[in-house]
Amino acid sequence: MIYWQGEDILIRDMEESDVSGICRADGEESEDNIRYFDKQFGHIREKACAGLIAVCQGEIAGYVYLYYQCKWGGMGNQGYPGVVDLYVWDKFRRRGIGHMLMDAAEQIAAEYSGLVYLDVGLNSEFGSAQRLYAKRGYIPDGKGCYYEEKVCGTNAVCRNSDELTLCLVKKLR
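Notes on the structure follow.

Reading the values: the criteria
Residues numbered from 1 in each chain as written. Predicted model: local features only at pLDDT ≥ 70, side-chain atom pairs only at ≥ 80, totals over all residues. Heavy atoms only, no water. Helix = DSSP H or I, 4+ residues; strand = E, 2+ residues; numbered from the N terminus. Rg over C-alpha atoms; globule rule 2.2 N^0.38 Å. Contact = heavy atoms within 4.5 Å. Lys, Arg positive; Asp, Glu negative; His and termini not counted. Charge placed at Lys NZ, Arg CZ, Asp CG, Glu CD. Salt bridge = Lys/Arg side-chain N within 4 Å of Asp/Glu carboxyl O. Buried < 20%, exposed > 50% of the residue type's maximum accessible area, 1.4 Å probe, protein only. Pairing = 2+ DSSP bridges. Axes fitted to C-alpha atoms, helices over the stretch in contact; angles between N-to-C directions. Expected span 1.5 Å × (residues − 1). Disulfide = S-S within 2.5 Å.

Some thoughts on the overall build of the chain
A tally of regular secondary structure across the chain gives four helices and nine strands. In the chain, the succession of α and β elements from N to C terminus is β-β-α-α-β-β-β-α-β-α-β-β-β. Here the C-alpha atoms of the chain give a radius of gyration of 16 Å, agreeing with the 16 Å that 2.2 N^0.38 yields for 173 residues. Considering only C-alpha atoms, the chain reaches an extent of 50 × 40 × 35 Å along its principal axes. Counting only contacts in the chain whose residues sit at least 6 apart along the sequence, the fraction spanning at least 24 positions is 61%. Of the charged side chains in the chain, 20 are positive and 26 negative, and the gap between their average positions amounts to 6 Å.

Below, the structure is given as structure tokens:
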């Protein structure tokens, strides 16, 4: 399905052939990376999630997964849709592609629930994503930060890695 089509940008459902294209665009064609995206595509095939891809002037520019009943993150296993792994390559940023991917993901999520959530990393690598989600109206779930998907208590020891996150929620209706 096509969710958005403009002069230069197309947002559509991910296809199995996109797996190798994502890995090439990422410059990471390692076995581990290919296995990760193959696994994600298996979830699409099983109808556990939607995978959306952005194509800009014929090149893969970004992607996002929306799990219909997400198992991970701050609100995992509570029956809510969750946005997982939004990514736009640097050379395609600041063109609205992240917003377009999120528009499509939220449109799908609204078919399943009145709310959608995501977890975002707290280190500087996630700065662009943090700003994007704030601009889109996502707010913290109020439980503080999570470390390895568990609430990180006061004075708890943790590392500022990809595992240190904040769960953000958005009402869709």
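Having put the structure on the table, let's press on.
With respect to the pattern of salt bridges
When their charged atoms lie close together, side chains carrying opposite charge are able to pair. Taken as a whole and judged by the stated rule, the model has eight salt bridges. Of the charged contacts in the structure, one is a salt bridge between Arg35 and Asp32, with a shortest N-O distance of 2.8 Å. Of this pair, Arg35 and Asp32 both sit in helix α2 (residues 31-45), three residues apart, which is roughly one turn of the helix. Of the residues examined, Asp32 reaches a relative accessible area of 56% and is grouped as exposed. The shortest N-O distance in the salt bridge between Asp103 and Arg136 comes to 2.7 Å. Of this pair, Asp103 sits in helix α3 (residues 97-109) while Arg136 sits in the loop between α4 (127-135) and β7 (139-147); the two residues are 33 residues apart in sequence, bridging distant segments of the chain. Among the residues examined, Arg136 registers a relative accessible area of 11% and is labelled buried. Through salt bridges that share partners, Asp103, Glu106, Arg136 and Lys170 make up one connected network.

Focus: α4
Inspection of α4 places Gly127, Ala129, Leu132 and Tyr133 among the buried residues, and these make up the whole buried set. Contacts from the buried residues of α4 go to β5 (82-88), α3, β6 (115-121) and β9 (164-171). The positive-phi residue at the C-terminal boundary of α4 is Gly137, with phi of around 90°.

Details of the sheet that holds strand β3 (residues 49-56)
Across the sheet, which stays open at both edges, the nine strands sit in the order β1-β2-β3-β4-β5-β6-β9-β7-β8 with mixed pairing between neighbours. If you trace the sheet from one side to the other, it starts and ends with β1 (2-5) and β8 (150-151), each paired once. As paired elements, β5 and β6 share two bridges and run parallel to each other. In the strand pairing of β6, Val83 is matched with Leu118. α2 rests against β3, β4 (59-67) and β5 of the sheet, and its axis sits at about 55° to β4.

Remarks on α2
Helix length check: α2 (15 residues) gives 21 Å between terminal C-alpha atoms against 21 Å at 1.5 Å per residue, within 8%. Buried within α2 we find Asn33, Phe37, Gln40, Phe41, Gly42, His43 and Ile44. Residues of α2 that are buried make contact with α1 (18-26), β3 and β4.

Looking at the environment of Asp162
Note on placement: Asp162 falls in the loop between β8 and β9. With relative accessibility at 48%, the residue Asp162 sits in the partly exposed group. Apart from the residues lying within four places of it in its own chain, the contact partners of Asp162 are Asn123, Glu125 and Phe126.

Points about the state of the cysteines
One pass over the full model with this rule turns up zero disulfides. The thiol sulfur of Cys49 is not disulfide-bonded, and the nearest other cysteine sulfur, from Cys70, lies at 9.2 Å. Summary of cysteine pairing: Cys145 is not part of a disulfide, and the nearest cysteine sulfur, belonging to Cys152, is at 4.3 Å.

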